[in-house]
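These are the residues of each chain, in order.
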Amino acid sequence: MQIDIITVLPELLESPLSHSIMKRAKDKGLLQVHIHSLRKWAVNEYGQVDDYQYGGGAGMVMMCEPLAKAIDDLQKEVTYDAIIFLTPDGKTLNQKIANSLSLKKNLLMICGHYKGIDERIREHYVTMEISIGDYVLSGGELAAAVLVDALGRLLPGVLNDETSALTDSFQDNLLAPPVYTRPSDFRGWKVPEILLGGDPKKIEEWRYEKATERTKQRRPDLLQEDEV
Ligand code: 6GU
């Protein structure tokens, strides 16, 4: 998968995507992330990419021209399956969206800043708008990093244990069951007997039961939910 990201703050994206599983995905050649500074397409020598909004009001708006030129240039090299604008008024990201996007080959992500981007870019270029939750971030960069991480770890071969992503919380609309490691007795706090017993079927049943119990308690909405 190739992901191109257009941003005014490339530094903010580099570190979160350079460690751990994202690093492994890149090192294995399964994920290519290209971060593009929008300033490269600035309207003048001062690196201007934003301007006051028509109609007045506080906050700058990212201009059409730099974004349109950036997208046009990138599209000369790559055909994108989706052009995603990260914005708090987009569709809220969930595991189903992540699963479906992880099957795409080329994605372009646009990070907004200030008051947002000129609406005409959203109308004429953007094909999908994604939010990562009902709260406001200073810009789309951290949201893009979240999205790339959620997608990257789903790519076949990225996780060591191939089944691992399938047993995550939210796959099957269930939260993950509790997990334990050594020692089996820590300060008298004991690991459930069944996990020490070595009967795979019983362990599987126990995990399913705990996952269901936890989901009922914490996120009953997931058990009803079927829409994307
Ligand atoms: Cl995608 N962008 C910003 N700026 N804030 C957010 C968000 C995105 N998702 C949740 N809050």
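Residues numbered from 1 in each chain as written. Predicted model: local features only at pLDDT ≥ 70, side-chain atom pairs only at ≥ 80, totals over all residues. Heavy atoms only, no water.

*Asks:* Hey, could you run me through the overall build of the protein chain in this one?
*Replies:* Helix and strand counts for the protein chain come out as nine helices and nine strands. With the principal axes as the frame, the protein chain shows a C-alpha extent of 70 × 40 × 35 Å. With 228 residues in all, the protein chain has 41% of them scored as buried. In the protein chain, which carries 27 positive and 35 negative side-chain charges, the distance between the mean positions of the two groups comes to 7 Å. (Helix = DSSP H or I, 4+ residues; strand = E, 2+ residues; numbered from the N terminus. Buried < 20%, exposed > 50% of the residue type's maximum accessible area, 1.4 Å probe, protein only. Lys, Arg positive; Asp, Glu negative; His and termini not counted. Charge placed at Lys NZ, Arg CZ, Asp CG, Glu CD.)

*Asks:* Help me out: how do you make sense of the pattern of salt bridges in this one?
*Replies:* A side chain with one charge can pair with a side chain of the opposite charge if their charged atoms come near. Following the criterion strictly, the structure yields 11 salt bridges and no others. Its salt-bridge partner being lysine 190, residue aspartate 185 comes within 3.7 Å of it at the nearest N-O pair. One salt-bridge network, held together by shared partners, links Asp89, Arg122 and Glu129. (Salt bridge = Lys/Arg side-chain N within 4 Å of Asp/Glu carboxyl O.)

*Asks:* Hey, could you run me through the packing of aromatic side chains in this one?
*Replies:* Any aromatic ring pair is given by two values, namely how distant the centres are and how the planes are angled relative to each other. Tallied over the full model, the rule gives one aromatic pair. Seen in terms of ring centroids, phenylalanine 186 and tryptophan 189 are 5.5 Å apart; in terms of plane orientation they differ by 70°. Their pairing is edge-to-face. (Phe/Tyr/Trp six-rings, centres within 6.5 Å; stacked < 30°, edge-to-face > 60°.)

*Asks:* Would you mind showing me how to read the site of the ligand here?
*Replies:* With respect to spatial proximity, the complete set of residues near the ligand consists of Leu86, Thr87, Pro88, Ile130, Ser131, Ile132, Gly133, Tyr135, Val136, Leu137, Gly139 and Ala143. Take serine 131: an N or O atom from its side chain is 3.4 Å from a nitrogen atom of the ligand. In this structure, isoleucine 132 approaches the ligand through a main-chain N or O atom, which is 2.9 Å from a nitrogen atom. Coverage of the ligand by the protein amounts to 96% of the 290 Å² it exposes when considered alone. Residue assignment for the shell around the ligand shows that the elements contributing at least two residues are strand E5 (82-92) and strand E7 (128-131). Looking at the shell around the ligand residue by residue, the class counts come to eight nonpolar, four polar and no charged. (Near = heavy atom within 4 Å. Polar contact = N/O pair within 3.5 Å; in protein donor to acceptor, adjacent residues only side chain to side chain. Areas by Shrake-Rupley, 256 points an atom, 1.4 Å probe, with all protein chains shown as cover. Nonpolar A, V, L, I, M, F, W, Y, C, P; charged D, E, K, R; others polar.)

*Asks:* Would you mind going over the environment of isoleucine 5 with me for this structure?
*Replies:* Considering the arrangement of structural elements, one finds isoleucine 5 in strand E1 (residues 2-7). With relative accessibility at 0%, the residue isoleucine 5 sits in the buried group. Each C-alpha atom, one on isoleucine 5 and one on isoleucine 83, is 9.8 Å from the other, the two residues being 78 residues apart in sequence. Ignoring sequence-local partners within four residues, the contact set of isoleucine 5 consists of Leu13, Leu17, Val33, His34, Ile35, His36, Met109, Cys111 and Val148. (Contact = heavy atoms within 4.5 Å.)

*Asks:* Would you mind showing me how to read the domain arrangement of the protein chain here?
*Replies:* By a widely used convention, the size of an interface equals the accessible area lost when the partners come together. Taken as a whole, the protein chain is organised into domain 1 (2-152) and domain 2 (167-227). Here the C-alpha centre of domain 2 lies 36 Å away from the C-alpha centre of domain 1. (Domains from an automatic or database assignment.)

*Asks:* So what exactly am I meant to see when it comes to the side chain of threonine 87 here?
*Replies:* Its location among the elements puts threonine 87 in strand E5. Judged by its relative accessible area of 8%, threonine 87 falls in the buried class. Setting aside anything within four residues of it in sequence, one finds threonine 87 in contact with Arg122, Glu129, Ile130 and Ser131.

*Asks:* Help me understand the sheet that holds E7, please; the structure alone is not making it clear to me.
*Replies:* By definition, the strands of a sheet pair up through backbone hydrogen bonds, in either a parallel or an antiparallel sense. Here we have five strands laid out as an open sheet, ordered E2-E1-E6-E5-E7, and parallel in their pairing. In the strand order of this sheet, the two ends are held by strand E2 (32-37) and E7, each with one partner. Across this sheet, the average inter-strand angle for adjacent strands is 30°, counted without regard to direction. Both E1 and E2 contribute to a ladder of six bridges, which runs parallel. In the sheet register, aspartate 4 faces E2, and the bridge partner there is histidine 34. Across the sheet, helix H6 (residues 141-152) touches E1, E2, E5, strand E6 (106-111) and E7, and the angle it forms with E6 is around 160°. (Pairing = 2+ DSSP bridges. Axes fitted to C-alpha atoms, helices over the stretch in contact; angles between N-to-C directions.)

*Asks:* Help me understand a nonpolar patch on the surface, please; the structure alone is not making it clear to me.
*Replies:* A cluster of nonpolar side chains, contributed by Leu9, Leu12, Tyr135, Leu137 and Leu142, occupies part of the molecular surface with about 400 Å² of accessible area. With respect to the element layout, leucine 12 can be found in helix H1 (residues 10-14). (Patch = residues over 30% accessible without salt bridge, like charges linked within 9 Å, V, L, I, M, F, W, Y side chains within 5 Å.)

*Asks:* In this structure, what is going on with the environment of valine 148? I would like to understand it.
*Replies:* With respect to the helices, strands and loops of the structure, valine 148 is situated in helix H6. For valine 148 and glutamate 225, which are 77 residues apart along the polypeptide, the C-alpha to C-alpha distance reads 24 Å. Residue contacts for valine 148: discarding those within four places in its chain leaves Ile3, Ile5, Leu17, Met22, Leu31, Val33 and Met109.

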